[in-house]
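So you can see what is in the structure, the chains are spelled out below.
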Amino acid sequence: MSWKPPHASADRLRAKLDDEFETVARPEGLRRTSDARREGGEASAAEAEGQWRRSSEERSAGRGRRAAAASAGFAGGPDDAAAGKPARSGPSLKMRAVGYLSRREHARGELARKLAAHAEDPAEVEAVLDALEKEGWLSNERFAQGLVHRRASRQGTARIVQELRQHGVDDNQVAELRDQLRATEYDRALEVWKKRFHAKPEDRAAYAKQARFLASRGFAHDVIRRILGEGDED
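Residues numbered from 1 in each chain as written. Predicted model: local features only at pLDDT ≥ 70, side-chain atom pairs only at ≥ 80, totals over all residues. Heavy atoms only, no water.

1. Examining the overall build of the protein
Next, step 1: Scanning the protein from N- to C-terminus turns up 11 helices and 0 strands.
Next, step 2: When the helices and strands of the protein are placed in sequence order, the string is α-α-α-α-α-α-α-α-α-α-α.
Next, step 3: Here the protein holds 234 residues, and 26% of them are scored as buried.
Next, step 4: Sequence separation of at least 24 residues holds for 51% of the intrachain contacts in the protein that already meet a minimum separation of 6.
Next, step 5: Counting only carbon and sulfur atoms, one obtains 51% of the accessible surface of the protein, whose full area is about 16300 Å². (Helix = DSSP H or I, 4+ residues; strand = E, 2+ residues; numbered from the N terminus. Buried < 20%, exposed > 50% of the residue type's maximum accessible area, 1.4 Å probe, protein only. Contact = heavy atoms within 4.5 Å. Areas by Shrake-Rupley, 256 points an atom, 1.4 Å probe, with all protein chains shown as cover.)

2. Remarks on the packing of aromatic side chains
Each aromatic ring pair is specified by the distance between its two centres and by the angle formed by the two planes.
Next, step 1: Under the definition given, this model contains 1 aromatic pair.
Next, step 2: Look at Phe197 and Phe213: their rings are 5.5 Å apart centre to centre, the planes differ by 85 degrees, and that puts the pair in the edge-to-face class. Residue Phe197 is located in the loop between α9 (185–196) and α10 (204–216), and its partner Phe213 is located in helix α10; the two are separated by 16 residues in the primary sequence. Taken individually, Phe197 and Phe213 each receive the classification buried, so the pair is uniform in this respect.
Next, step 3: The aromatic ring of Tyr100 is capped on one face by Lys114, whose charged end is 5.0 Å from the ring centroid. (Phe/Tyr/Trp six-rings, centres within 6.5 Å; stacked < 30°, edge-to-face > 60°. Lys NZ or Arg CZ within 6 Å of the ring centre and 35° of its normal.)

3. Focus: the side chain of His106
Next, step 1: For His106, the position within the fold is in the loop between α3 (93–103) and α4 (108–116).
Next, step 2: A polar contact of 3.0 Å, which involves the side chain of His106, links it to the backbone oxygen of Arg104.
Next, step 3: Looking at His106, its side chain comes within polar contact range of the side chain of Lys114, at 2.8 Å.
Next, step 4: If we ignore the near neighbours within four places in the chain, the residues touching His106 are Tyr100, Leu101, Leu111, Lys114, Leu138, Ser139 and Phe143. (Polar contact = N/O pair within 3.5 Å; in protein donor to acceptor, adjacent residues only side chain to side chain.)

4. Notes on unusual backbone geometry
Next, step 1: Here the phi dihedral of His198 falls at roughly 75 degrees; this positive angle occurs in a residue that is not glycine.
Next, step 2: Summarising the element assignment, His198 is placed in the loop between α9 and α10.
Next, step 3: Judged by relative accessible area, which is 64%, His198 ranks as exposed.

5. Observations regarding the pattern of salt bridges
Should their charged atoms come close, side chains of opposite charge can pair.
Next, step 1: Summed over the entire model, instances satisfying the criterion amount to 8 salt bridges.
Next, step 2: The residue Glu163 makes a salt bridge to Arg151 at a minimum N-O spacing of 2.9 Å. Taken together, the residues span a long stretch of sequence, with Glu163 in helix α7 (residues 157–166) and Arg151 in helix α6 (residues 140–151) at a distance of 12 residues. Comparing Glu163 with Arg151, the two get one shared label, buried.
Next, step 3: Of the charged contacts in the structure, one is a salt bridge between Glu185 and Arg188, with a shortest N-O distance of 2.8 Å. Taken together, the positions of Glu185 and Arg188, both in helix α9 and 3 residues apart, correspond to about one turn of that helix.
Next, step 4: Taking the relative accessible area as the measure of exposure, Arg188 reaches 11% and is therefore buried.
Next, step 5: It is possible to trace a salt-bridge network through shared partners that takes in Arg108, Glu126, Asp130 and Glu133. (Salt bridge = Lys/Arg side-chain N within 4 Å of Asp/Glu carboxyl O.)

6. Notes on α9
Next, step 1: Look at α9: 17 Å from first C-alpha to last across 12 residues, which is about the 16 Å you get at 1.5 Å a residue.
Next, step 2: Every buried residue belonging to α9 is among Glu185, Arg188, Ala189, Leu190, Val192 and Trp193, and all of these are buried.
Next, step 3: Considering only its buried residues, α9 is in contact with α7, α8 (171–183), α10 and α11 (221–228).
Next, step 4: Following α9 by one or two positions, His198 has its phi on the positive side, about 75 degrees. (Expected span 1.5 Å × (residues − 1).)

7. What about the confidence of the model for the protein?
Next, step 1: Residue-level pLDDT values for the protein average 76, and 60% of them are 70 or greater.
Next, step 2: Overall, residues 21–34 carries pLDDT values under 50, and its contacts beyond four positions in sequence, including any with other chains, amount to 0 contacts.
Next, step 3: Low pLDDT, under 50, characterises residues 61–85; the stretch is placed with 18 contacts to residues that sit more than four places away or in other chains. (pLDDT = per-residue confidence, 0-100.)

Structural data, given as structure tokens:
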């Protein structure tokens, strides 16, 4: 019978107990690890939700501030509103002017009156008009010629000249256009009279009626007498 040292048996016993302990303890340790991960995930989800809510609230607050600034007449957000800067909505003065000129010719004075309602300083309007004249968009001469072309077949010289002056057309140009219109005054007045009456007046009342009509169109009295005859008028 062989003899074994007592410490060898003790070592085997401790090894067996360690194995059994590991078999029992490992699942519990894994469970603790899994629980810790789940709790960590829940904490991360809660944190993410909190961040999303804060971000959403900040966005809503920002929109509210911008809406308040817009309703108060400011553009660009709360910073501009706090600074007291007024909003300038819509197109620029130059774009407005080009829009007017693209539809028809304008005299400088007429266009200035239209732009004045959208400008804070009259100097802004003058600067825009100078630029438009330099670029060829604006021309008093072109406006005057266009107006004469539109009115000549229906109105007399006096009426057209009055309108040119109201629009601020230069006196020298007005005088030149007046001479051109007077050269064709009789023919133009005759065409207007024919379209309206077709026959010369037979009595004083008819004569007065036709004379008043031609005079209201701006035709000269000597031209009216040539068309209607001398008549017996006051």
